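Tertiary structure, described
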Amino acid sequence: MIERLESITGMVVAGHRGYKSAYPENTLLSFKRAIEVGCHMLEFDLRMSKDREVVVIHDATVDRTTNGSGEVREKTLAELKELDAGGWFAPEFEGLRIPAFQELCQLLAGYPDMLLNVEIKSSADAKDTADAAIELLHEHGLYERCVFTCFDADIIAYLYDQYGAKTQGFKGEVMRNFVPGEDGTYSKMWALAMELAILNREDVQAFRNMGLQVWSYCPDTSDSVLYAVGCGTQMMTCNDPLPALRIKQRLEGTA
């Protein structure tokens, strides 16, 4: 199912950690709202808890996005569930919780056309996280919708070699453990994403010539969306998906 991106000619808008600009990131509410406004894909981050449960959270610690402190991998799922994952963003979101990946999979089962960008966060147990996540994705019939992302080239290689997964990496200079050369990291990648600060038409074309899908992140204003499109990237991951969705409607004449 994810392969359909190879033949799509229009814009594809992914919600970065859900609808990150308006809702607490990586919460079920954030993902629901991203789906409701029309995102075609959801991007989210996975880590492992102390009791080996896969959870949806970006940072290695809970300090920034909850009312707790400490490392995610040093807390059980039950301990993580005790934390408030919404009040840090705005008082009206108090009471939101860190989702177990199982919960997100259950939510996504109700949206059969939603594509998924599954970021495995770099960590000592990243391979275990990938293994457990892929098992859950198969269990819920979601695997075929997925591209897998990581800034660690070792994990990109593991996902490709172990599972034949579709992977999204980054330019070599921003990745850990990048392996240059014909059989190196780029050969394990299906897609490559570039942040706006380094996005340019020449690189986009060069990576396309290598057979890679090229995405941009995170164009969150009309000007930055148009810049990304002008550089040749029609697939984009956005903190605020609304400007991109509006421009897609205008350019493609869609409702």
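Above this text is the structure in question.
So, here's what we can say about the structure. Treat the numbers as computed from the prediction; the structure is a model and nothing was measured.

**Some details on the layout of surface pockets**
Considering only enclosed or pocket space, the largest pocket measures out at about 180 Å³ in volume. Together, 16 residues line the largest pocket, and His16, Glu43, Glu119, Phe151 and Tyr217 are the ones closest to its centre. Of all the secondary structure elements, the ones that give two or more residues to the lining of the largest pocket are β2 (41-48) and β4 (115-120). Split by residue class, the lining of the largest pocket holds five nonpolar, six polar and five charged.

**A closer look at the pairing of strand β7 (residues 191-195)**
Taken across its five residues, β7 has four buried, putting it largely inside the fold. Where strand β6 (residues 167-169) meets β7, two bridges bridge the pair, whose relative direction is parallel. Across the sheet, residue Gln168 finds its bridge partner in β7, namely Ala191. Bridging between β7 and strand β8 (residues 213-217) involves five bridges; their strand directions are parallel. Bridge pairing links Leu192 to Val214 in β8.

**Some remarks on the nonpolar core**
Side chains that are nonpolar tend, in soluble globular proteins, to be buried together. Residues Phe44, Phe101 and Leu137 are the most contacted members of the largest nonpolar core, which totals 72 residues. The element best represented in this core is helix α4 (residues 126-139), accounting for six residues. In this structure, Phe101 is in contact with Phe44, Leu46, Val54, Val55, Val56, Ala133, Leu136 and Leu137, ignoring residues within four places of it in sequence.

Cut-off values and rules
Residues numbered from 1 in each chain as written. Predicted model: local features only at pLDDT ≥ 70, side-chain atom pairs only at ≥ 80, totals over all residues. Heavy atoms only, no water. 1 Å grid on protein atoms, 1.4 Å probe; cavity = no way out; pocket = protein on both sides within 12 Å on 5 of 7 lines; lining within 4 Å. Points joined across faces, edges and corners; volume = space filled by probe spheres on them. Helix = DSSP H or I, 4+ residues; strand = E, 2+ residues; numbered from the N terminus. Nonpolar A, V, L, I, M, F, W, Y, C, P; charged D, E, K, R; others polar. Buried < 20%, exposed > 50% of the residue type's maximum accessible area, 1.4 Å probe, protein only. Pairing = 2+ DSSP bridges. Core = buried A, V, L, I, M, F, W, Y, C linked by side-chain atoms within 4.5 Å. Contact = heavy atoms within 4.5 Å.

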